[in-house]
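# Notes for the structure review
Now for the letters of each chain:
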Amino acid sequence: MCGIVGYTGGRRASEIIYEGLKQLEYRGYDSAGIATLSGGNITVVKRQGRVNALENCIGDISGSTGIGHTRWATHGKPSDINAHPHSAGKFAVVHNGIIENYAYLKERFFKDVSFTSQTDSEIIVRLLDAFYSGNLLSAINKVGSLLKGSYAIVVMCTDFNGLVVLKYNNPAIIGYGSGENFIASDCPALAGLCSEITIPEDGDIAFVTKDGVEIYDAGLNRVERPRLENLATPASLELGDCPHYMLKEIREVPASVEGTVLSYRTAEAKLKRVVNGVKRVIIIGCGTAYNSGLVAKRYIESFARIPAEAEIAGEFRYKNPIITADTLVIAISQSGETADTVEGVKLCKSLGAKVIAVTNSPYSGITRYADAVAPVTAGSEICVAATKSYTGQITALYLLAHTIAGLSIGEAYARLAVMPSLCKKTLECAGIDTLADMCARSGGVYFLGRDIDCAVAAEGSLKLKEVSYVPCEGYPAGELKHGTLALIDIKAVAVVIITSKHLAGKSENAVEQVLSRRGKVAIISNIDGIEKTFEGRAQVIKIPACDENLSPLLSAIAVQLLAYKTALLLDRDPDKPRNLAKSVTVE
């Protein structure tokens, strides 16, 4: 869960790396560092805090080859010492992932050596320094054979004017320039720098110089990996007139819906072949992806009338799941690199399941294992909290459920055609500022809903706690009286989502139960008559009327805006919430 940037060429490496790290700060912002190679010497600068802590240092770091890192701590607290790059002897390294056997390796090889940091990553550079005797490939291969866990490692050695990449179960990208080449853990760092990229396979060792790239597989055989188009563009990373990426990306929800529909058309035929004969569906994901899976479960069971289960990927992996040849697994991940989800996919494939990936990242790990991809075309999402990718997932899953059910996909496209304009209307919905003030002052917020609204309630709760740190939970409205009602008092706020006409009365009962215990209530709804029912007693935030199954696209915008505005009131940074990173590539 860290951002890596590497450069080798003819320009000042520190400047290019610094700009790249700023684009990857959503992957970790506990500390950051840069190391460069110049005249056979390695210079390392690293600081606790965000990437901009390095700004005053980069002008003093010479060299046209370098590596950089922005960290999300797994081992060792955030500090200058624990920041990457780590160095020893002729080497400096940056690492994304976890070395699970680092304590064993320290005891075996360095029993009497005092390490500088408290990280698992320092063992890598210590081993390289110990095993190197002039053959860099041999040393790196030996170190790789000892490591257990997951890693993307970039190595810099004073005897080699370039960089070396070693990858296993963590993302790494090589970018091709003219007289220069690049390395990154995610495409945004390479936006505007190169038009082509390569994704190394697990076990690959890649030697990257300004003149070219040589890749060796796990058996140390020279191999060629495909060159792919770099889809990241500088324009997609600009804030425009928005103060934060979170707001910018909420405003891009209409484009996310529209783009995902267009992309689904190109994938539709293959998806139809893959789902043929499916009799059971398992949906796996983590965080927001899991919450979109809750919506998908309702779609699939309603449209296809076959059993569907939504599972948290990290738990699913260890439950000895029952998988048969007619089981379809839908794996959802914004980044396509979520470790638990990717490992869940591998497990399901080994048991004979068909797998469809739903992801916003076309070159990600999850796509390489899936039988087909239902693409989310949301564009680069920089804010840690998922917004437009969630609505993109809902769009793709709605269409996929129609494909599984064998229903007319043309009708689904027609119903979705009006949604971008309705999303734009929802962006202007009144009353969110008042509700945000209520949430910011509350002792706890409870998002409630029935059926599909309950799934959005779970996502609303996640968004608010992620960016505002206000304690909150998402519950089925009917469960309120089975325990949660004990938490309702004058300090509590309930946000009740009501978009289902046939369940509206049931949800209104939950509103009455909260009001009778002196709790504050706001209702997000597109049902006529709600305002009159609760006039003077509860705030009603109106969203546009739409097809009931597509209401999550609109109610999601409302709860996303609520989280954003609450965070601002509490002086939180909505783009970079504490303790979190966007791409969770470790368990």
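Throughout, a residue's number is its position along its own chain's written sequence, starting from 1. In view of the model being predicted, local features appear only for residues whose pLDDT reaches at least 70, and side-chain atom pairs are presented and counted only at 80 or more, with totals across whole chains, interfaces and linings using the full set of residues. The side-chain figures draw on all heavy atoms in the structure; neither hydrogens nor water molecules are used.

## Topic: the overall build of the protein chain
Counted only if it meets this: Secondary structure elements are defined from DSSP: runs of H or I of at least 4 residues count as helices, runs of E of at least 2 residues count as strands, and each element is numbered from the N terminus. Any residue under 20% of the maximum accessible area for its type is buried, any over 50% is exposed, and the rest in between are partly exposed; the area is computed with a 1.4 Å probe on protein chains only. Contacts: residue pairs with any heavy atoms within 4.5 Å of one another. Note on areas: Shrake-Rupley with a 1.4 Å probe; residue coverage comes only from the protein chains shown. Positive charge is attributed to Lys and Arg, negative charge to Asp and Glu, and no charge count is given to His or to the chain ends. In plain terms, the charge of a residue is placed at NZ if it is Lys, CZ if Arg, CG if Asp and CD if Glu.
A tally of regular secondary structure across the protein chain gives 18 helices and 25 strands. Counting only C-alpha atoms, the protein chain reaches 80 × 50 × 45 Å along its principal axes. Per-residue burial over the protein chain gives 60% buried out of 587 residues. When contacts within the protein chain are restricted to residue pairs at least 6 apart in sequence, those whose partners lie at least 24 apart make up 73%. Looking at the protein chain as shown, the accessible area adds up to about 22,200 Å², and 47% of this sits on carbon and sulfur atoms. The average position of the 61 basic charges and that of the 63 acidic charges among the side chains of the protein chain differ by 3 Å.

## Topic: the sheet that holds strand β13 (residues 212-216)
Our working rule: One bridge is not enough; two strands pair if DSSP finds at least two bridges between them. To get an axis, fit a line to the C-alpha atoms, keeping to the stretch in contact for a helix; angles then go from 0 to 180 degrees between the N-to-C directions.
If you trace the 7 strands from one edge of the open sheet to the other, you get β5-β6-β7-β8-β12-β13-β14, paired in antiparallel fashion. The outermost strands of the open sheet, each flanked by one partner alone, are β5 (86-88) and β14 (222-223). Judged from the 4 bridges that link them, strand β8 (residues 163-168) and strand β12 (residues 205-209) form a sheet pairing that is antiparallel. Looking at β12, one finds that L166 is bridged to I205. In the packing of helix α3 (residues 122-131) onto the sheet, contacts are made with β5, β6 (91-99) and β7 (149-157), and the angle to β6 comes to roughly 135°.

## Here we look at the pairing of strand β16 (residues 280-285)
Formally: We call a crossover right-handed when, viewed with the strands running away from us, the connection from the first strand over the helix to the second turns clockwise.
Counting buried residues in β16 gives 5 out of 6 residues, a clear majority hidden from the surface. Here β16 runs beside strand β18 (residues 327-333); their pairing, made up of 5 bridges, is parallel. Across the sheet, I283 pairs through a bridge with I330, a residue of β18. Examined bridge by bridge, β16 and strand β17 (residues 308-312) share 5 bridges and lie parallel to one another. Bridge pairing in β17 links I283 to A310. Crossover β16 to β17 through helix α7 (residues 288-304) is right-handed.

## Comments concerning the sheet that holds strand β20 (residues 372-375)
The strand order β17-β16-β18-β19-β20 describes an open sheet built from 5 strands, whose pairing is parallel. Either end of the sheet is taken by a strand with one partner, and the two such strands are β17 and β20. Strand-to-strand twist of the sheet, defined as the mean angle between neighbouring strand axes without regard to direction, takes the value 20°. Strands β16, β18, β19 (354-359) and β20 of the sheet are contacted by helix α11 (residues 388-405), whose axis makes an angle of about 170° with β18.

## Considerations on helix α9 (residues 339-350)
Quick reminder of the rule: What a helix is expected to span follows from its residue count: subtract one and scale by 1.5 Å.
Under the 1.5 Å per step criterion, the end-to-end length of α9 is 17 Å for 12 residues, consistent within 8% with the ideal 16 Å. Buried within α9 we find A339, D340, T341, V342, G344, V345 and C348.

## Considering the environment of A267
Here A267 lies in helix α6 (residues 253-275). A267 sits 107 residues away from A374 along the chain, and the two C-alpha atoms are 6.6 Å apart. The contacts of A267, once residues within four sequence positions are left out, are V373 and P375.

## A short note on the packing of helix α14 (residues 432-441) against helix α18 (residues 552-569)
What counts here: Put simply, angles under 35 degrees are roughly parallel, angles over 145 are roughly antiparallel, angles from 65 to 115 are roughly perpendicular, and the rest are oblique. In this scheme, a crossing is called left-handed if the near helix is turned counterclockwise away from the far one by less than a right angle; it is called right-handed if the turn is clockwise.
In the contact formed by α14 and α18, the axes pass within 8 Å of each other and the chain directions differ by 55°. Accordingly, the angle class assigned to the pair α14 and α18 is oblique. The handedness of the crossing between α14 and α18 comes out as right-handed. From α14, I432, D433, L435, A436, D437, C439 and A440 reach across to α18, where they touch A558, L561, L562, K565, T566 and L569.

## Digging into the layout of surface pockets
Under the convention used in this document: In this analysis a 1.4 Å probe is tested at points of a 1 Å grid over the protein atoms alone, and where it fits but cannot get out there is a cavity; an open set with protein on both sides within 12 Å along at least five of seven lines is a pocket; lining residues have an atom within 4 Å of a point. Grid points are joined across faces, edges and corners, and a volume is the space filled by probe spheres set on the points. Only Asp, Glu, Lys and Arg are considered charged, only Ala, Val, Leu, Ile, Met, Phe, Trp, Tyr, Cys and Pro nonpolar, and every remaining residue, Gly among them, polar.
In this structure, the largest pocket encloses a volume near 780 Å³. In terms of lining, the largest pocket is formed by 39 residues, of which the most central are L231, N360, S361, P362 and Y363. Counting residues per element, the ones that place at least two in the lining of the largest pocket are α6, α10 (365-369) and β20. Of all the elements, α6 adds the most residues to the lining of the largest pocket, at 3 residues. Across the lining of the largest pocket, the residue classes tally to 16 nonpolar, 16 polar and 7 charged.

## Brief notes about the packing of aromatic side chains
When we look at a pair of aromatic rings, we describe it by the centre distance and by the angle of the planes. Where we set the bar: Two rings from Phe, Tyr or Trp (for Trp, the six-membered ring) form a pair when their centres are within 6.5 Å of each other. A pair whose planes differ by under 30 degrees is stacked, one over 60 is edge-to-face, and the rest are tilted. Our definition puts a charge over a ring when NZ of Lys or CZ of Arg is within 6 Å of the ring centre and also within 35 degrees of the ring normal.
Counting across every chain of the model gives 11 aromatic pairs. Centre to centre, the rings of F110 and F115 are 5.7 Å apart; their planes meet at 70°, and the pair counts as edge-to-face. We classify F110 as buried; its relative accessible area is 11%. Arranged with centres 5.5 Å apart and planes meeting at 80°, the rings of F160 and F207 form a pair that is edge-to-face. Of this pair, F160 sits in the loop between β7 and β8 while F207 sits in strand β12, and the two are 47 residues apart along the sequence. Neither residue differs from the other here; F160 and F207 are each classed as buried. In textbook terms, an aromatic cluster arises when at least three aromatic residues are bridged by ring pairs, as seen for F109, F110, F115 and F131. Directly above the ring of F131 sits K142, whose terminal nitrogen or CZ lies 4.3 Å from the centroid. In this structure, R265 is placed above the aromatic ring of Y413, and the distance from its NZ or CZ to the ring centre is 3.8 Å.

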